[in-house]
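Secondary and tertiary structure notes
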Amino acid sequence: MRLDKFLKNSRLIKRRTLAKEVADEGRITINGLQAKAASKVAEGDELVIRYGQKIVTVKIESTRDIVRKDEADTLYQVINEERITNE
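Rules of the game
Residues numbered from 1 in each chain as written. Predicted model: local features only at pLDDT ≥ 70, side-chain atom pairs only at ≥ 80, totals over all residues. Heavy atoms only, no water. Helix = DSSP H or I, 4+ residues; strand = E, 2+ residues; numbered from the N terminus. Buried < 20%, exposed > 50% of the residue type's maximum accessible area, 1.4 Å probe, protein only. Phe/Tyr/Trp six-rings, centres within 6.5 Å; stacked < 30°, edge-to-face > 60°. Lys NZ or Arg CZ within 6 Å of the ring centre and 35° of its normal. Pairing = 2+ DSSP bridges. Salt bridge = Lys/Arg side-chain N within 4 Å of Asp/Glu carboxyl O.

On to unusual backbone geometry, then. Look at Arg11: it is not a glycine, yet its phi comes out positive at around 65°. Within the secondary structure layout, Arg11 lies in the loop between helix 1 (3–9) and helix 2 (16–24). Accessibility expressed as a relative area gives 41% for Arg11, which makes it partly exposed. Unlike most non-glycine residues, Asn31 shows phi in positive territory, near 50°. The class of Asn31 is partly exposed, set by a relative accessible area of 46%.

This is the structure in structure tokens:
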């Protein structure tokens, strides 16, 4: 599954176009490698996403095409979440 589609389906990022922008800005890595929106993701992959003031690390549990809103958080497991401080 494409990275931008997974981010939208899992509700980690609300819109696919926003997921594409974030990936193309270099703010997402897959298993330690820089990711683009079209990068393929699979179960077991580890994503590191840099939002505005925090970094979230998640492990992909499932890659389904159709997911209900209340089931979206079953697609991944949050491993780490840390705030970025401007010092």
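This brings us to the packing of aromatic side chains. Applying the stated rule across the entire model yields zero aromatic pairs. Looking at Lys54, its charged tip hangs above the ring of Tyr51, at a distance of 5.8 Å from the centre.

As paired strands, strand 3 (residues 46–50) and strand 4 (residues 54–60) are joined by five bridges and run antiparallel to one another. The partner of Val48 across the bridge, within strand 4, is Thr57.

Under the criterion given, the structure shown has eight salt bridges. Salt-bridge contacts for Asp4 lead to Arg16; the nearest nitrogen and oxygen are separated by 3.3 Å. Of this pair, Asp4 sits in helix 1 while Arg16 sits in helix 2; the two residues are twelve residues apart in sequence, bridging distant segments of the chain. What makes Asp4 buried here is its relative accessible area of 4%. Overall, Arg16 belongs to the partly exposed group, its relative accessible area being 34%. Arg68 serves as the salt-bridge partner of Glu71, at 3.9 Å between the closest nitrogen and oxygen.

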